[in-house]
Amino acid sequence: MRKFTSTILATLIASSLFGQTSMSFYHLGNETFQNNSLNPAWVPKGRLFIGLPVLSGIHLHVNNALSYNETFTKENNSILLDQDKILSNIQNQNLVSAHANINLFHVGFKFPAGAFISFFANERIESDLLFPKELLEVGIDGNDPLLGDEVKIGNVGLMASHFREIGIGYAYSVNGQLDFGIRAKYLMGFTNASVPGNARANITTNADFFQMDVELQNAQLRTAGIDILTGDEGDIGSHLVSSGNTGFAVDIGGVYKLNRYYSIAGSLLDVGWINWNTNVVNQTLNDTTFTYNGVNLDGVGDLVESLEDSLFNKFDATETNETYKTWLPTRAYGSWIYHYDRNMDFYASMGARYIQGQLKLLYGGGITRKFGKVATLSASALKLPQQFFNVGAAFAVNGGPVQFYMAADQVINFSAPDFKAFDFRFGINLKFRERDKGLGSSSSFARSKGFGKSSNDGTLEGPKGVDSGSFLGKRVKNKKRDEIYSIIPRQKRPDVDTEGTPARKVEPNSPAPTSPPKTRYKKSINQRKLNLKRKNKKKKVIRKSLTGRKN
């Protein structure tokens, strides 16, 4: 029983010291290989992509319901737990999350036909604790405020896992409007601690005797690999190579271009599970009803012992080694994108994460600006779960084959004692661009409907005749194609009758007709008079030569 109690308390304390956003990074679109993990249909520009172990991607995320200043207070050079502060700042439903993601390697290649295939591996640590406000109110205020009332404590969940994902991704442009991507991932689990999301407790306070009647249901703590991690059992080295805990997950995503100005993008990520088979310990508290009389807290040094004697020893615990399955917290992203021009996009986005039966939402709006092929910058206003509105930023800089990127949420008014959440990413990639064939595009605007067929790397395949075009009805050779514009040799403009019918307007990027009609231009009035005078003079000279007469 002592081991069970200590495990629960250690888990709660560790989770409360730390806290899925990445919305600012998400607004970079298809700028980096790592954006493909947020939407598998987003494929970066280029032909070959190589990741450097660890350096290519480090992601840290924290989200907590309380800050340090909302939890502790300083009094007489001592740091004290401030119960009044905690209860005044806590929310009805609370989330404490701590995530870390390290990119082990990745390789991606885009085929000339436009298909994109990738291989990747990531090391992931995810910890989420959910609890209602009533749980802390009972623990801090005791039974006095609850006399005669019944308090139902539910929606308590814990999911903490360390696992590795190894996968393959594929993306392709179905047509000029729809891009689709999918990633299949083999999962290898190392450690897990979880509480099923259906745990419930009903607490009723007796108004006459100040006792609490507790009814407990489905209380269970499941662990796997904990003893191996602490060194109490097995070999941690071999466990981190092949653990015996396996699973599978998929990511899917798509981008649909409504027209040249608007697109919608969406993705569903981490749809999968892990089967835990190694070093499994299940500690279950059987469904029970009991009366709790409270403890004397004159001294808090023996708090754990007091709770065990008066509370936890009333539970009938059962320990088993049965294997179990956990589902990954599924994530989803959706965006409405306005392509202002070929270098600037506006995003309106929403994200969601499904944890232990609860849905946590985040919102954001952002702007992304491209500075040629050198850099891309995004800035976002966002609302994270259980946090106030804040600002995030992200950028990617390209120098030859080397790309450096960085992204951060919650960057305004950041201070260590007051922070509740942050999300930070950075990394270095190697990317090799394909040779410019004259119709490259780095903009979603140029990829939109009406500018030719879009390939998966963000370039246009374009209409037929991309190496030639038409200028004033005449076929000309293109010197260069830059985004949606054509650069042609300097042309000699013929004399045009300004009073006549204007020439047919020709779009700069329209393909030349198979048999271009010859355009006839009317001669000016002065030119016709001059030609008539020359014609009459020539007739007069011929007439004189035939008659032999002289002037």
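Provided above is the structure to which this section pertains.
Residues numbered from 1 in each chain as written. Predicted model: local features only at pLDDT ≥ 70, side-chain atom pairs only at ≥ 80, totals over all residues. Heavy atoms only, no water.

Asker: I'm lost on the side chain of Lys420 in this one. Help?
Answerer: Along the polypeptide, Lys420 turns up in the loop between strand S24 (402-409) and strand S25 (421-432). At a separation of 3.2 Å, a polar atom in the side chain of Lys420 contacts the side chain of Glu70. In this view, Lys420 contacts Val62, Asn63, Asn64, Ala65, Leu66, Ser67, Glu70 and Gln387; residues no more than four positions away in its chain are not counted. (Helix = DSSP H or I, 4+ residues; strand = E, 2+ residues; numbered from the N terminus. Polar contact = N/O pair within 3.5 Å; in protein donor to acceptor, adjacent residues only side chain to side chain. Contact = heavy atoms within 4.5 Å.)

Asker: What is the right way to look at the packing of aromatic side chains in this model?
Answerer: In this description, a pair of aromatic rings is defined by centroid distance and the angle of the planes. Inspection of the entire model under this criterion finds 16 aromatic pairs. Between Phe109 and Phe111 the ring centres are 5.0 Å apart and the planes differ by 85°, which places this aromatic pair in the edge-to-face class. Measuring from centroid to centroid gives 5.3 Å for Tyr262 and Tyr338, while their planes differ by 35°, and the two rings are tilted. Taken together, the residues span a long stretch of sequence, with Tyr262 in strand S14 (residues 262-276) and Tyr338 in strand S19 (residues 330-341) at a distance of 76 residues. The ring of Phe371 has Arg369 sitting right over it, with the charged end atom 5.1 Å from the ring centre. (Phe/Tyr/Trp six-rings, centres within 6.5 Å; stacked < 30°, edge-to-face > 60°. Lys NZ or Arg CZ within 6 Å of the ring centre and 35° of its normal.)

Asker: Whenever I open this one, the pattern of salt bridges confuses me. Can you help?
Answerer: Side chains that carry opposite charge are capable of pairing whenever their charged atoms lie near each other. Under the counting rule described, the total for this entry stands at 15 salt bridges. A salt bridge links Glu31 to Lys370; its shortest N-O distance comes to 3.4 Å. Of the two residues, Glu31 sits in the loop between helix H2 (23-26) and strand S1 (48-51) while Lys370 sits in strand S21 (residues 358-371), which places them 339 residues apart along the sequence. In this pair, the class of Glu31 matches that of Lys370, namely buried. Its salt-bridge partner being Lys257, residue Asp179 comes within 3.0 Å of it at the nearest N-O pair. You can see Asp179 sitting in strand S9 (residues 178-195) and its partner Lys257 sitting in strand S13 (residues 245-257), a full 78 residues away along the chain. Like Asp179, the residue Lys257 is buried in the burial classification. Here the residues in one salt-bridge network are Arg124, Glu126, Asp128, Glu165, Arg183, Lys185, Asp251, Asp270, Arg331 and Arg353, joined through shared partners. (Salt bridge = Lys/Arg side-chain N within 4 Å of Asp/Glu carboxyl O. Buried < 20%, exposed > 50% of the residue type's maximum accessible area, 1.4 Å probe, protein only.)

Asker: For this particular structure, what's the right way to read the pairing of S19?
Answerer: Each regular strand shows side chains that alternate between the opposite faces of the sheet. Both S14 and S19 contribute to a ladder of eight bridges, which runs antiparallel. If you follow Gly266 over to S19, its bridge partner there is Gly334. The pairing of S19 with strand S20 (residues 344-355) spans eleven bridges and is antiparallel. Within the sheet, the bridge partner assigned to Tyr338 lies in S20 and is Phe346. (Pairing = 2+ DSSP bridges.)

Any functional reading would require information beyond the geometric quantities listed.
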